[in-house]
Amino acid sequence: MEQENLLDTLTMQDEVMRLWTRAENFVDSLMRPGWTLYQVLIILGLVLAAWLARRWLTERMTNWMRTQTGRPKWQLRSLVVIRNRLGLILFALLAWVTYLVMQQVTWPSRSFLIELAGTIGTAWMAVSFLARLIRNPLLRTVVNWGLWIWVTLYLLGIWDEAAVTLDTIALEAGDFRLSILDLLSALVVIGILFTGARFVASATTSRIQQNEEISPSMRVLVTKMLQIVLYAGAFFIGLKTVGVDLTGLAVLSGAIGVGLGFGLQKVVSNLVSGFIILLDKSIKPGDVISLGETFGWVTTLTARYVSITTRDGKEYLIPNEDLITGQVVNWSHSNSFVRLDIYFGTAYNDDPHLVRRIAIEAAAGTKRVLPSKPPVCHIVGFGDSSVDYILRFWISDPTGGLTNIRGNVYLALWDAFQENGISIPFPQRELRMLSEAPQE
């Protein structure tokens, strides 16, 4: 082991000295007047020109984009991406134009560095555009910079020396070895594979969501399982591609999993509850449910929570565990029929038979009340100042709201009672003033 460490140290020192020697030779060539120095100065001038042109064009392009309100969103996003990379685009264009001009007016060897700068600028621009396909900002930044560094070192012809140097700096624990080169390569490969997995998952999810033969809850379950399989496969394939030993990683992940199991019990419970909800189909997208004081319809099922949108536009994120362990009223579990009850009272001098008939006709004539399940009206008691009734009716679209249909039925009762001379009493009290008792 000590001999291997010593050999790695000597190898790293040799590669570093080789890179240092090449850097010294290049700096020495810059110290003497010649075409190497002239090309470097030309490249610096191109960088300055690209920077000035970017500042001048960015503001004008932004103002022009603000006037393009009628364009599709994908076109506006593309314009924003191009605007943010104007510097690289302009530098690459200026470098290639300068190179082509110098090829015509001087010897080809006198424009070698300019061609190299144009190639590097073009590669950076391509990497920058491709990295936009990665949604995660951190992973996109790592992939972007990793590919930039790799492209630069490769085109400069010093990638082999840099790779050996990065590979010698490693973390070793028994048979497990992880070098900086392995870590950076794994991040770049995993980022690329994650992008491919996201595209496959998006395309497959779109096809699944359009299949009407699959129930809504099964669509969500299949989508979640597909995402887990694709992303997990991309992660482990990425590690295996760069040569990471998964045997040692499995032992390490098992130990980490035991520790996380104690600290993340609620998270794991919500994940398991989410799969139970999807499997037993007790709650599915579009259902109208009430949990405590929260009433609304299910808009999204995730692995951790259920999104419920109420009639007033509020969106509640209910943990899956609460839906499994608590009492939930699902108004549309097996069917969408919902019975609603409203209470009212009339005066004692009104005929109760007439009141019941008028109430039933008023409810039946209200929109959204089901004619297939006719309304019924019953006397429920004799109050202090009124005869009390209950009116029951059915609807089949609870997603349209409950308060509004109750209000419409109450309004229909009011109109019907006014037309037929039926009064809705209110409590009346008689106040008597007692004279003061005579004083002795």
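Coordinates for the structure precede this section.
Residues numbered from 1 in each chain as written. Predicted model: local features only at pLDDT ≥ 70, side-chain atom pairs only at ≥ 80, totals over all residues. Heavy atoms only, no water.

Visitor: Pulling in residues and values, what's your account of the overall build of the chain?
Guide: Within the chain one finds 14 helices and 10 strands. Summarising the internal contacts of the chain: among those between residues at least 6 apart in sequence, 63% fall at separations of at least 24. Looking at the chain as shown, the accessible area adds up to about 28000 Å², and 63% of this sits on carbon and sulfur atoms. (Helix = DSSP H or I, 4+ residues; strand = E, 2+ residues; numbered from the N terminus. Contact = heavy atoms within 4.5 Å. Areas by Shrake-Rupley, 256 points an atom, 1.4 Å probe, with all protein chains shown as cover.)

Visitor: I'd like a description of helix α13 (residues 352–364), backed by residues and values.
Guide: Given 3.6 residues to a turn, an α-helix orients residues that are three or four positions apart in the same direction. Relative to the 18 Å expected for 13 residues at 1.5 Å per residue, α13 spans 18 Å between its end C-alpha atoms, a close match to the ideal helical length. Here α13 has its buried residues at V355, I358, A359, A362 and A363. Projected down its long axis, α13 carries its buried residues within an arc of 130°, all on one side. The inward-facing, buried residues of α13 abut β8 (338–346), β9 (376–382), β10 (387–395) and α14 (403–419). For α13, the N-terminal cap is D351; the gap from its side-chain oxygen to the backbone nitrogen of H353 is 3.2 Å. (Expected span 1.5 Å × (residues − 1). Buried < 20%, exposed > 50% of the residue type's maximum accessible area, 1.4 Å probe, protein only. Arc of directions from axis to C-beta. Polar contact = N/O pair within 3.5 Å; in protein donor to acceptor, adjacent residues only side chain to side chain.)

Visitor: Summarise the pattern of salt bridges; cite the residues concerned and give the values.
Guide: For the structure on display, the rule yields four salt bridges. The shortest N-O distance in the salt bridge between R392 and D341 comes to 3.4 Å. Of the two residues, R392 is situated in strand β10 and D341 in strand β8; the sequence distance between them amounts to 51 residues. One salt bridge connects D397 with R368, and the closest N-O pair in it is separated by 3.0 Å. Of this pair, D397 sits in the loop between β10 and α14 while R368 sits in the loop between α13 and β9, and the two are 29 residues apart along the sequence. A residue is classified by how much of its surface remains accessible, and D397, at 26% relative accessible area, is partly exposed. Each of the salt bridges in this network shares a partner with another, and the network as a whole consists of R339, D341 and R392. (Salt bridge = Lys/Arg side-chain N within 4 Å of Asp/Glu carboxyl O.)

Limitation: the analysis is restricted to geometry and does not speak to function.
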